[in-house]
Amino acid sequence: MPAKLIDGTAIGRAMRTELLPRIAELKHRGITPGLAVILVGEDPASQVYVRMKGKACEEAGICSETLRLAADTAENAVIGEIDRLNADPRIHGILVQTPLPKHLNSARVLHRVDPRKDVDGFHPENVGKVVLGDPTGFRPATPFGVQHLLLKTGVETKGAHVVIVGRSNIVGRPMAALLIQDGPGGNATVTICHSRTRDLPAVTRLADILIVAIGKPKFVTGEMVRPGAVVIDVGVNRVADPAREKGYRLVGDVDFEAARHLASAITPVPGGVGPMTITMLLYNTVQAATQWAD
Ligand code: NDP
């Protein structure tokens, strides 16, 4: 039987609706949550993401502004803009869109964001809080979104063996930190794999829940999926497709056609994790505004 499709578009939309009363309550107290997005350069995928984030904010009644800087902007100028936004009382969340141009030191730039406004959860203070299970820390939007996809789909993480493929700071590592917390959407037994993992298929086949974030189109084949597993595909890869107007289409890191006949549930790409990332960014912005006000 083909896997149940985990519809991130629908779950994300429902969660954004659930957020509206919290935004209304803040506005009642005279606070409009504000998000600033800094985009350096013209990376086409980043431009799309930034537009989608702005649109989602607008629909939710969150005030958003996008600061577009030229690709060759000097590091001290980017940092100057972050300092300005750190001091701006209308702005509760600041997001620096990655990847940044090569001449910028990503850590130096990202860590300049005031941890209280770091809605991406990349500042070491928030990384530490998330590892410690401190709810005032900001959980990075993509793994936070994956956790909610599992919760909303009724996938039990307690006691489950979750195998995560990929150990990046924005997906794999925080994903593991969230799944081992003692609470809903946690209490899992987690294995993290990366490019040096020996016999990767043998490890992925042990997964009750397989989460893949490596950035390689259709890398995970059917042989790597245990029958009945839940498969979460974080990957977003552009592959050439002359039949499409744009000349490309998006595929995940998992061979969807092969995996969907084995998995019990699976996320599509697009329409799986992506919409949840944007949704959780809005949640983090509301959290930031609330914490700022309290
Ligand atoms: P990174 O490039 O930062 O990290 C990739 C990870 O995959 C690394 O840990 C790397 O291992 C591991 N890896 C690479 N090749 C292999 C392999 N052959 N076997 C096992 N592990 C491997 O990627 P990101 O985490 O930033 O992104 C991953 C994917 O998720 C991308 O497609 C990206 O576009 C997508 N993404 C989607 C989001 C969404 O909202 N849907 C948000 C963020 C990312 P090592 O550390 O050893 O090099």
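A. Molecular detail of the sheet that holds strand 8 (residues 230-233). Read from one edge of the open sheet, six strands run 1-11-8-7-5-6, paired in parallel fashion. The open sheet has two edge strands, strand 1 (4-5) and strand 6 (189-193), and neither has a second partner. As judged from the four bridges shared by strand 5 (residues 161-165) and strand 7 (residues 209-212), these two strands associate in the parallel manner. Its bridge partner being in strand 7, V162 is matched across the sheet by I209.

B. The site of the ligand, seen in detail. Residues in close proximity to the ligand total 22 residues, the closest being R167, S168, S195, K216 and T277. In this structure, an oxygen atom belonging to the ligand sits 2.5 Å away from a side-chain N or O atom of S195. One of the backbone nitrogen or oxygen atoms of V236 is found 3.0 Å away from an oxygen atom of the ligand. In the complex, 71% of the free accessible area of the ligand, which totals 930 Å², lies under the protein chains. The class makeup of the residues in the shell around the ligand is ten nonpolar, ten polar and two charged.

C. Up close: the nonpolar core. Residues I211 and I232 are the most contacted members of the largest nonpolar core, which totals 52 residues. Two domains each donate at least three residues to this core, and these are domain 1 (30-114) and domain 2 (141-274). Sequence-distant contacts of I211, that is, excluding residues within four places in its chain, are made with V146, V162, V163, I164, V165, M175, L179, I232 and V234. In this structure, C193, V225, V231 and A259 belong to the second largest nonpolar core, which totals 18 residues.

D. View of the environment of L178. Here L178 lies in helix 7 (residues 172-179). For the pair L178 and A56, spaced 122 residues apart in the sequence, the C-alpha separation amounts to 25 Å.

E. Geometry of the domain arrangement of the protein chain. Domain annotation for the protein chain reports domain 1 (30-114) and domain 2 (141-274). Inter-centroid distance (C-alpha atoms) of domain 1 to domain 2 is 28 Å.

F. Representation of the pattern of salt bridges in the model. Enumeration according to the criterion identifies 13 salt bridges in this entry. Where E75 meets R108, a salt bridge forms, and the shortest distance between an N and an O atom there is 2.5 Å. In this pair, E75 is assigned in helix 3 (residues 75-86) and R108 in helix 4 (residues 106-110), connecting sequence segments 33 residues apart. We note a salt bridge from R226 to D208, for which the minimum N-O separation is 3.1 Å. Here R226, found in the loop between strand 7 and strand 8, pairs with D208, found in the loop between helix 8 (200-204) and strand 7; they are 18 residues apart in sequence, far enough to count as distant. Given a relative accessible area of 28%, R226 falls into the partly exposed group. By sharing partners, the salt bridges in this structure join E65, D88 and R90 into a single network.

G. Structural view of helix 6 (residues 141-153). Its 13 residues place the ends of helix 6 18 Å apart at the C-alpha level, agreeing with the 18 Å of an ideal helix rising 1.5 Å per residue. Taken as a whole, helix 6 has its buried residues at A141, T142, P143, F144, G145, V146, Q147, H148, L149, L150 and T153. Residues of helix 6 that are buried make contact with strand 1, helix 1 (8-28), helix 7, strand 7, strand 8 and helix 10 (273-293).

H. Just a nonpolar patch on the surface, in detail. On the surface, Y49, M52, V236 and L250 cluster together into a nonpolar patch covering about 320 Å² of accessible area. By the element assignment, Y49 lies in helix 2 (residues 44-60).

I. Region of the structure containing the sheet that holds strand 2 (residues 34-40). If you walk across this open sheet you meet the three strands as 3-2-4, and the pairing is parallel. In the strand order of this sheet, the two ends are held by strand 3 (63-69) and strand 4 (93-96), each with one partner. The average undirected angle you get between the axes of adjacent strands in this sheet is 15°. Inspection of the sheet shows strand 2 paired to strand 3 by seven bridges, in the parallel sense.

J. Highlighting the packing of helix 2 against helix 10. Packing of helix 2 against helix 10 brings their axes to within 10 Å, and their N-to-C directions diverge by 55°. With respect to their mutual orientation, helix 2 and helix 10 come out oblique. Note on packing geometry: the crossing formed by helix 2 with helix 10 is right-handed. Counted together, M52, K53, A56, C57 and A60 of helix 2 and I278, L281 and L282 of helix 10 form the full contact between these two elements. Here the residues of the contact of helix 2 with helix 10 are counted per class, giving seven nonpolar, no polar and one charged.

Conventions adopted
- Residues numbered from 1 in each chain as written.
- Predicted model: local features only at pLDDT ≥ 70, side-chain atom pairs only at ≥ 80, totals over all residues.
- Heavy atoms only, no water.
- Pairing = 2+ DSSP bridges.
- Helix = DSSP H or I, 4+ residues; strand = E, 2+ residues; numbered from the N terminus.
- Near = heavy atom within 4 Å.
- Polar contact = N/O pair within 3.5 Å; in protein donor to acceptor, adjacent residues only side chain to side chain.
- Areas by Shrake-Rupley, 256 points an atom, 1.4 Å probe, with all protein chains shown as cover.
- Nonpolar A, V, L, I, M, F, W, Y, C, P; charged D, E, K, R; others polar.
- Core = buried A, V, L, I, M, F, W, Y, C linked by side-chain atoms within 4.5 Å.
- Buried < 20%, exposed > 50% of the residue type's maximum accessible area, 1.4 Å probe, protein only.
- Domains from an automatic or database assignment.
- Contact = heavy atoms within 4.5 Å.
- Salt bridge = Lys/Arg side-chain N within 4 Å of Asp/Glu carboxyl O.
- Expected span 1.5 Å × (residues − 1).
- Patch = residues over 30% accessible without salt bridge, like charges linked within 9 Å, V, L, I, M, F, W, Y side chains within 5 Å.
- Axes fitted to C-alpha atoms, helices over the stretch in contact; angles between N-to-C directions.
- Parallel < 35°, antiparallel > 145°, perpendicular 65-115°, else oblique.
- Left-handed = near helix turned anticlockwise from the far one by under 90°.

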